[in-house]
Amino acid sequence: AENGMAKASDVLLAKAARLKAKVELDEAKIELDAAEGKADPDGTAEMRKTNDAAIENLLEERYDTLIDVAELIQSEVINGFGPVEGMSRANELLLEATLDLPDRAEGGIAILERILADNTNVEKQFHAAWKANNLYEKDFLVAKAARFKAAINLHRAKKGEWPEHIGLTNSRAAVIEEEPI
């Protein structure tokens, strides 16, 4: 935060984290009610359907928020106001949110392609800035390493070796592994 003010991307990241926590809490409450037998057998299916719709709405809102975060952070990085690692983290969160959506799981490859394109552009810009003595070599090398990581992740995902290689362990992502890519 500059001058005591939070950056828009930080606010949106906090919102996305809150939405993720809300989804996890709602899912845990549903499971707890079912385990404790609190749910009315006649109303259980309808209650689950209503709760699933609420969770789906939260997941959609989280996804939309993380799209905004990724765009803001990309702009910050390209304009020299943020670290490359921030863009990589935002894109990884966007990928996780994509995989959490039941009907958008196939979008994971597209997100990985976006991550690679973003990192390639940043690497090119950082290379030019480094050559012009406007950037430290270490910053260029970090950008280059981020591009390599993105290329490796995309290659592995296309081979079906995901989501474990990017640290995702959610159940919806595991389903994707069984589907042809």
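Predicted model only: the values in this text are computed from it and were never measured.

### Digging into the side chain of Glu 76
Now for step 1: Structurally, Glu 76 can be placed in helix α2 (residues 44-78).
Now for step 2: With a relative accessible area of 15%, Glu 76 lands in the buried category.
Now for step 3: Sequence-distant contacts of Glu 76, defined by excluding residues within four places in its chain, comprise Lys 7, Ser 9, Phe 81 and Gly 82.

### Side note on the environment of Val 11
Now for step 1: By the secondary structure assignment, Val 11 is in helix α1 (residues 8-35).
Now for step 2: Between the C-alpha atoms of Val 11 and Val 69, which are 58 residues apart in sequence, the distance is 8.9 Å.

### Some details on the packing of helix α4 (residues 107-131) against helix α5 (residues 137-158)
Helix packing geometry: the angle between the two helix axes and the distance between the axes.
Now for step 1: Contact pair α4 / α5: the axes reach a minimum separation of 8 Å and the direction vectors enclose 160°. Between α4 and α5, the angle is such that the two are roughly antiparallel. Once α4 is placed against α5, the crossing between them reads as left-handed.

### Some details on the pattern of salt bridges
Now for step 1: Throughout the structure, instances matching the rule amount to 10 salt bridges.
Now for step 2: With a shortest N-O distance of 3.5 Å, Lys 158 and Glu 113 are connected by a salt bridge. With Lys 158 in helix α5 and Glu 113 in helix α4, this residue pair connects regions lying 45 residues apart in the sequence.

### So, the confidence of the model for the chain
Now for step 1: Looking at the chain as a whole, its pLDDT mean stands at 76, while 76% of the residues score no less than 70.
Now for step 2: The least confident element of the chain, judged by mean pLDDT, is helix α6 (residues 171-178) at 39; the most confident is α5 at 88.
Now for step 3: pLDDT under 50 marks residues 167-181. Its contacts with residues more than four places away, or in other chains, come to 27 contacts.

Calculation criteria
Residues numbered from 1 in each chain as written. Predicted model: local features only at pLDDT ≥ 70, side-chain atom pairs only at ≥ 80, totals over all residues. Heavy atoms only, no water. Helix = DSSP H or I, 4+ residues; strand = E, 2+ residues; numbered from the N terminus. Buried < 20%, exposed > 50% of the residue type's maximum accessible area, 1.4 Å probe, protein only. Contact = heavy atoms within 4.5 Å. Axes fitted to C-alpha atoms, helices over the stretch in contact; angles between N-to-C directions. Parallel < 35°, antiparallel > 145°, perpendicular 65-115°, else oblique. Left-handed = near helix turned anticlockwise from the far one by under 90°. Salt bridge = Lys/Arg side-chain N within 4 Å of Asp/Glu carboxyl O. pLDDT = per-residue confidence, 0-100.

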